[in-house]
Amino acid sequence: NVSFSMNEGDSLGIVGESGSGKSTLAMAILRLLNPKTAKVTGNIDFMGHELLSLPVEELNKLRWKEISVVFQKSMNALSPIHKIGEQLEDIYRVHYEKATKEEIREVVMELFRLVNLSDRVYDLYPHELSGGMLQRTSIALGLLLKPSLIILDEATTALDVVTQGQILREICKLEEEIKMTRIMITHDISVVASSCQKVAVMYAGRMMEMGMVKDVLLKPSHPY
């Protein structure tokens, strides 16, 4: 029973304890929940598309290009047998078939600088990276095609405070430049307070309260 709306350019922080349904909500929006164990009903309207009834082929065209996600467990988000650069190239070419290796590499290097990664990561395998480097790679992957909506599921949790602050500042700057919309799932209310316009509080699969960050954090209307 979750219902909410966002406008283009909004940044929404979703907070709540473990098990409250934050990640489930994100997976439902992307239709990534296991159909054998989960049933999603209602409507998910996104830029004129009804995502729940959209054919898979059409949905795949929207993924990464219009809606991207940075998963919580970066270790599981990348193929262990392909170099980082190869994986980024594959995703880029799904939407831009004629892009050359040089063009893709240039785009990726710009993103690597954004998330504070060395150029050499392009030619490394996932197992050669630390947990923090893998998380930063996943964030670069989510930003690769400059999506209209990016969902960050605990995406900065594994990072040191300095890098986390740097990435959040750059994401906010990118949002202004390309009118990107963001949903940020986190346990860290300070991250929401410093980088989001709106906040939603979830508990036991329900949205208890939603509003502008200052209103909800300073004058909450719900005791939870």
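Here the structure is a predicted model, which is why all the values come from computation and not from measurement.

1. Brief notes about empty space enclosed by the protein
Consideration 1: Per the counting criterion, the structure on display carries 1 cavity of 30 Å³ or more.
Consideration 2: Estimated volume of the largest cavity: approximately 40 Å³.
Consideration 3: Lining the largest cavity, in full, are Leu152, Glu154, Ala155, Thr156, Thr157, Met184, Ile185, Thr186 and Val191.
Consideration 4: Sort the elements by how many residues they give to the lining of the largest cavity and strand 6 (residues 181-186) lands first, with 3 residues.
Consideration 5: Grouping the constituent residues of the lining of the largest cavity by class yields 5 nonpolar, 3 polar and 1 charged.

2. Notes on unusual backbone geometry
Consideration 1: Backbone geometry places lysine 146, a non-glycine residue, at a positive phi of 50°.
Consideration 2: Along the polypeptide, lysine 146 turns up in the loop between helix 5 (131-143) and strand 5 (149-153).

3. Remarks on the confidence of the model for the chain
Consideration 1: Taken residue by residue, the chain gives an average pLDDT of 89. The fraction at 70 or more is 99%.
Consideration 2: Taken element by element, the predicted model of the chain shows its lowest mean pLDDT in helix 6 (residues 161-178) (79) and its highest in strand 1 (residues 11-15) (95).

4. A closer look at the layout of surface pockets
Consideration 1: Put simply, the largest pocket is a space of about 960 Å³.
Consideration 2: The wall of the largest pocket is formed by 34 residues, among which Phe4, Leu25, Ile29, Asn43 and Ile44 lie closest to the centre.
Consideration 3: For the lining of the largest pocket, the secondary-structure elements that each account for two or more residues are helix 1 (22-29), strand 2 (45-46) and strand 6.
Consideration 4: It is helix 1 that contributes the most residues to the lining of the largest pocket, 4 residues altogether.
Consideration 5: A class-by-class count of the residues in the lining of the largest pocket yields 17 nonpolar, 13 polar and 4 charged.
Consideration 6: Val107, Glu110, Leu111, Leu114, Leu143, Leu144, Lys146, Glu170, Lys173, Leu174 and Glu177 together form the lining of the second largest pocket.

Reading the values: the criteria
- Residues numbered from 1 in each chain as written.
- Predicted model: local features only at pLDDT ≥ 70, side-chain atom pairs only at ≥ 80, totals over all residues.
- Heavy atoms only, no water.
- 1 Å grid on protein atoms, 1.4 Å probe; cavity = no way out; pocket = protein on both sides within 12 Å on 5 of 7 lines; lining within 4 Å.
- Points joined across faces, edges and corners; volume = space filled by probe spheres on them.
- Helix = DSSP H or I, 4+ residues; strand = E, 2+ residues; numbered from the N terminus.
- Nonpolar A, V, L, I, M, F, W, Y, C, P; charged D, E, K, R; others polar.
- pLDDT = per-residue confidence, 0-100.

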